[in-house]
Structure formats: C-alpha cells, structure tokens
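# Commentary on secondary and tertiary structure
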Protein chains: 2
Amino acid sequence: MKITLVQNHPVFGDKAGNVARLVAAMESSPSDLYVLPEMAYSGYQFTSVEETRSLAEDLGSSSIDALRAASRRLDACVVFGFPERAGNLLYNSSLALLPDGKEYLYRKTHLFYKEKLFFSPGDTGFKVFDFRNAKIGIAICFDWFFPESFRTLALKGADIVAHSSNLVLPYCQRADFAAAVQNKVFIATANRVGTEQREAEALTFTGGSVLVSPKGEYLLEGPREKEAVLSADIDPAAARVKRLNPWNDALDDRRPEFYDL
Amino acid sequence: MKITLVQNHPVFGDKAGNVARLVAAMESSPSDLYVLPEMAYSGYQFTSVEETRSLAEDLGSSSIDALRAASRRLDACVVFGFPERAGNLLYNSSLALLPDGKEYLYRKTHLFYKEKLFFSPGDTGFKVFDFRNAKIGIAICFDWFFPESFRTLALKGADIVAHSSNLVLPYCQRADFAAAVQNKVFIATANRVGTEQREAEALTFTGGSVLVSPKGEYLLEGPREKEAVLSADIDPAAARVKRLNPWNDALDDRRPEFYDL
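One structure accompanies this document, and this report is about it. In this text the structure is predicted, and so the values were computed from the model without any measurement.

With respect to the element layout, A:G207 can be found in the loop between strand 11 (201-206) and strand 12 (210-212). Sequence separation of A:G207 and A:Y91 is 116 residues, and the distance between their C-alpha atoms is 23 Å.

Structure follows, in structure tokens:
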C-alpha cells in the first residue's frame, strides 16, 4: 500500500485555490492512501463563530466534491480535515473518501485552544474503516495528546492512524514514536506549514509530517518550513503482529482492572 | 527535591555485595529520593522457579533491612526492585522505604518475557504516596509499554514516577518523552547495565537511565554501558501545572466516554 502525506501551506479562506493545489499535489504521487492536514483547505485560525460558519461546509460542498472526484480519478482513499457545518453546529472534522463512494466522518474529540470558542466537541467517537488490505483509523491533531485516542483506535483494529494535523508545537512528531511502538500501528501525521497572522495573534505551524512504523521507524519525515509530498510503501499487515515474544502481546497483556481511566 | 538515579551492574545472586555497592553509590550523592533499578540487588535472569524462590525475600530480609538503615541514615526515600516472596507466591516487586518508617509495596502489573514463568502478576495496582513536597508513583520496567500505567499514576496524582527498570531494549528511554509530556509528570527511569549469561540465553541491559520533566526535557541521561550515579534538583510542583493554555488541561480534557479501554 502506497501512502502519501501532503504537507501544505493553505491560503486562509481561499478554499477553491487550496483544494486545486492539494489535488495537484496528490496527482504528483499516485497512491492508495492520501493523508492531508487538519483544516486542509480552509485555513485554521478563525477569529469568530461567524467567520468559522462562513467558511464551514456540509458534505455537499464544492470543495468536498472536488476531492471526491480526485479520490475516484486517483482510485485512492483521501483523508482530510475541514470545518464542518451540521445544522446549527460547527465541528472540526475529518472525512475519509473512498473511490467506491463509501465515506467516513470523524469529528475531533479533543479540541485545542481557541477551537473551543468556535467548534462543538466531536460526538462521533473514534472510527476505523476498511480500505483494501488495511484498517484505517482517524484522529485529528490534538487527539495525539491523549494516549487514549490512538490506543482506542488500535483496540478497534486500526493498522494505520490517519492523523490530519495543524500542529503549532513540535512535540507530537516526537511522541508518535511511543504511540506507534506501544500500539504496534503505523501513525501518519500530516501537518501543515506556514504562519497565519489573524488579528493580534500569529500561529506558526511546525510541518515535519511523519510516518512512523509499528517498530518506531520514522519512514517519512517532512521539512519544518516547506510544503512537501511524502510517499512510502508500507505493508499494513505489519501492524497486526501484536505479539512481542512468546510471552507478551501488546494488547492482550493489558490489565484494565488496574487502570483508572 | 534532589533526586538520584542509581544505574548499577549487579552480580547475579550476590545480594549482600550488590546491596553494599548500592548503598555506597547512594552515599556518594546525598539526596531526597533515590530510584534504583528493578531487581536491583538479586540479578534478573532467573532460570527456574526454584532459583527464583531461593533468591526471593520477604520484607524482613537482611538486604531490605540494610536499605532501610540507609534510608534512615540518608534521611531519604529509597525505591528499588526486588524478587518478593509472599507465602507460596513470588512477585516482581518494588518497595519504597521512607525515613520515618512508612513503606509502600508495588507488585509489577505487566510481567515481561520469562518473568511470566517465575512470578505471579502483580495484585496491588498502581500506588502513589506522599513524601515531603512530592507525590511519588511506582511502576516497574515493562509497565511503561502500556500507556495506561503512567496515565493511571498521573490520574492518582503522581508528580514523579519512580520507574525501576531492567530494560533490554532502548525504546522506553525514548518513549518516556511522550508519557512525561502527555501526563505532565516527571519520569525517573533507573535502568541497569551489563550482560547476564544464564544457561543458553544472554540478556544485555541498555542503561541510559533518564529523568524527564513534564515539559519533555531530558534532565538526566545515563551512559549506555557503564554504572552511574545521576542527580538533579527538581520542583515536584511543576508536575501540578496540568493547564496547557486558557482552554486546555492535560487531564480534565480527557473524554472517557469515547475511550474503549
């Protein structure tokens, strides 16, 4: 399975232009699975609920239709973050589009920083879906900070965590090592680059997208400040080897009766 | 609070000699808290239940009495691993000795490799106790591999995880970064060095003891192959700052209703 992380620098609010550039980036490296950043084509740093609402979309938007078409044309699964409008509510969401028309929506469980001003906390829970020979789980950015997130996905059978991100700190990329090794999963953290100066606050995103193997190998590492298209071939079945040695298993050796979680 | 990690190379079965060397190491760096390795003075690689039983001890042993005396003399808390005999059962245990006579026993929750042949799985659960201005939690070696372990200790209020280890792989020292940052605790992994050749199998321990701060700083890093006494001053209260920014808290932002654990 060929997996590609797209590390982009979207222009705030230029949804059509950002989508076109994302599609061009995907076309430059034909793959089975593409993982794009959180808020991949909207920009991130909203300044009001009204502005967030004006950029948010339901699943029938022209942006998502363009990515749907790309998924079919490239015969690939595309996972990307976007600001979702669902009736009166706004969510920080991630959508997985499959070329056969199946779709899986995840709403971010753990909102970060001022996202709490603009979005409702996710209500979907963590999702895992089948695509070709892989089981793919979805998480968004700050979910990484709670080890329960990737653990829950692993326990639900994920081989690969598609982790769309807009990271402003460099901790996650380093911490993915522990989560990959402990859960014996591939972690695909697709992060953006660039600075957004909105009103008084500037946020700089840390790039450095990574693909980490169940053995803790950094198979891909993006640059810190530039856009990049990063591709690797992986065998998702490697994530199904949960046995560590004849006596230990990464998941079966858990002892939940002693966990206060 | 001054904390010292003792990274030793015990001689298999020479309990009195190993204890004497540990006490000398502790005396070389007067401290508030000493963290010693797992199986700190017995050696690790047992080859039968009978051999394990012959080296195991109850809490009244002369080895433990010598460490008790050191705790009082140095006016310090000493945490160390040892093979515990409790009636007919054997445990891979860690004991915290306080200079005022208080003691806390922890029995390893997650047994590694052939330990499963010789020890019963721990039945105490994860413990946190008060010492001076710190709350100290106890874990042993392979417990690190289950993120639930350090998480449980953090939720029980630990500022410092006293993590006595006999690590044969180098993953834990690197993964401590994630656990320290996500839980906002100090992690003190005291590991041993040296190779034990017992019957057909040789195990080499990876040293590299670490003390990691709640910010992910590696305050101490031991050598990979040599014994070492590593000391640092820390402020345990730094682990009580669970707030990340005005909108996020490392523990309160958990959403257990979405965790399948």
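Further notes follow.
Moving on, we get to the pattern of salt bridges. Summed over the entire model, instances satisfying the criterion amount to 44 salt bridges over all chains. One salt bridge connects A:E115 with A:K108, and the closest N-O pair in it is separated by 2.9 Å. What makes A:E115 buried here is its relative accessible area of 5%. Where B:R68 meets B:D65, a salt bridge forms, and the shortest distance between an N and an O atom there is 2.7 Å. With B:R68 and B:D65 both in helix 3 (residues 62-74), this residue pair falls 3 residues apart, about one helical turn. We classify B:R68 as buried; its relative accessible area is 16%. Given the relative accessible area of 40%, B:D65 is considered partly exposed.

On to the relation of the copies chain A and chain B, then. Least-squares fitting of chain A to chain B yields an RMSD of 0.0 Å, with the superposition described by an axial translation of 0.0 Å and a rotation of 180 degrees. Both chain copies can therefore be described as sitting about a two-fold axis. Here 100% of the interface residues in chain A have copies in chain B that are interface residues too; the copies meet face to matching face.

Looking now at the interface of chain A and chain B. With 49 residues of chain A in contact, the opposing surface of chain B contributes 49 residues. For the chain A and chain B pair, buried surface summed over both sides reaches about 4500 Å², with 65% attributable to carbon and sulfur atoms. Scanning the region where chain A abuts chain B turns up 8 salt bridges. The residue A:E148 makes a salt bridge to B:R151 at a minimum N-O spacing of 2.8 Å. Put simply, chain A and chain B have 22 residue pairs in polar contact (both at pLDDT 80 or more) between them.

In this section: helix 1 (residues 15-27) of chain A. Residue and element names in this part refer to chain A. Compared with an ideal rise of 1.5 Å per residue, which puts 13 residues at 18 Å, helix 1 spans 18 Å between its outermost C-alpha atoms and is within 8% of the ideal. Taken as a whole, helix 1 has its buried residues at K15, G17, N18, V19, L22, V23, A25 and M26. In this fold, the buried residues of helix 1 make contact with strand 1 (2-7), strand 2 (33-35), helix 2 (49-55), helix 3 (62-74), strand 3 (77-86) and strand 14 (228-233).

Residues and elements named next belong to chain A. One open sheet accounts for 6 strands, arranged 6-7-8-9-12-13; its pairing is mixed. Strands at the two margins of the open sheet, each flanked by one partner only, are strand 6 (128-131) and strand 13 (218-221). Taken over all neighbouring pairs, the strand axes of this sheet differ in orientation by 20 degrees on average, direction set aside.

This part takes up helix 3 of chain B. All names here are of chain B. Given a rise of 1.5 Å per residue, 13 residues ought to cover 18 Å, and the 18 Å separating the end C-alpha atoms of helix 3 matches this to within 8%. Among the residues of helix 3, those classed as buried are S63, I64, L67, R68, A70, S71 and L74. Taken around the axis of helix 3, the buried residues stretch over an arc of 160 degrees, which confines them to a single face. Of the exposed residues in helix 3, those oriented more than 90 degrees away from the buried face are S62, R72 and R73. Check the buried side of helix 3 and you find it contacts helix 1 (15-27), strand 2 (33-35), strand 3 (77-86), strand 4 (89-97) and strand 5 (103-107).

On to the sheet that holds strand 14 (residues 228-233) of chain B, then. Residues and elements named next belong to chain B. If you trace the 6 strands from one edge of the open sheet to the other, you get 5-4-3-2-1-14, paired in mixed fashion. In this open sheet, the two strands that pair with only one neighbour each are strand 5 and strand 14. Sheet twist, expressed as the average angle between the axes of neighbouring strands with direction ignored, equals 30 degrees. Bridge count between strand 1 (residues 2-7) and strand 14: 6 bridges; the pairing is antiparallel. Its bridge partner being in strand 14, Q7 is matched across the sheet by A228. Contacting strand 1, strand 2, strand 3 and strand 14, helix 1 runs over the sheet at an angle of about 145 degrees to strand 1. With respect to the sheet, helix 3 is in contact with strand 2, strand 3, strand 4 and strand 5, its orientation differing from that of strand 4 by roughly 15 degrees.

Each pair of packed helices can be described by the angle between their axes along with the distance between the axes. The contact between helix 6 (residues 171-183) of chain A and helix 6 (residues 171-183) of chain B brings their axes to 8 Å, and the two run at 120 degrees. With respect to their mutual orientation, helix 6 of chain A and helix 6 of chain B come out oblique. Handedness of the helix 6 of chain A/helix 6 of chain B crossing: left-handed. Packed against helix 6 of chain A, whose contacting residues are A:Y171, A:R174, A:A175, A:F177, A:A178 and A:V181, the element helix 6 of chain B presents B:Y171, B:R174, B:A175, B:F177, B:A178 and B:V181 at the interface. Residues belonging to the contact of helix 6 of chain A with helix 6 of chain B are distributed by class as follows: 10 nonpolar, no polar and 2 charged.

It is worth spelling out the nonpolar core at this point. Burial of nonpolar side chains together is a common tendency in soluble globular proteins. In terms of nonpolar packing, the biggest core is built from 136 residues, with A:L211 and B:L211 touching the most fellow members. Apart from residues no more than four positions distant in its own chain, B:L211 is found in contact with B:I3, B:L5, B:F186, B:I187, B:A188, B:E217, B:Y218, B:L219, B:L220, B:A232 and B:I234.

It is worth spelling out the side chain of B:S213 at this point. Residue and element names in this part refer to chain B. Position of S213 relative to the elements: it lies in the loop between strand 12 (210-212) and strand 13 (218-221). Here E217 takes part through its side chain, which lies 2.6 Å from a polar atom of the side chain of S213. Residue contacts for S213: discarding those within four places in its chain leaves A180, V185, F186 and L219.

Basis of the calculations
- Residues numbered from 1 in each chain as written.
- Chains lettered and ligands numbered in written order.
- Predicted model: local features only at pLDDT ≥ 70, side-chain atom pairs only at ≥ 80, totals over all residues.
- Heavy atoms only, no water.
- Helix = DSSP H or I, 4+ residues; strand = E, 2+ residues; numbered from the N terminus.
- Salt bridge = Lys/Arg side-chain N within 4 Å of Asp/Glu carboxyl O.
- Buried < 20%, exposed > 50% of the residue type's maximum accessible area, 1.4 Å probe, protein only.
- Least-squares fit on C-alpha atoms with pLDDT ≥ 70 in both.
- Contact = heavy atoms within 4.5 Å.
- Buried area = accessible area lost by both parts, 1.4 Å probe.
- Polar contact = N/O pair within 3.5 Å; in protein donor to acceptor, adjacent residues only side chain to side chain.
- Expected span 1.5 Å × (residues − 1).
- Pairing = 2+ DSSP bridges.
- Axes fitted to C-alpha atoms, helices over the stretch in contact; angles between N-to-C directions.
- Arc of directions from axis to C-beta.
- Parallel < 35°, antiparallel > 145°, perpendicular 65-115°, else oblique.
- Left-handed = near helix turned anticlockwise from the far one by under 90°.
- Nonpolar A, V, L, I, M, F, W, Y, C, P; charged D, E, K, R; others polar.
- Core = buried A, V, L, I, M, F, W, Y, C linked by side-chain atoms within 4.5 Å.

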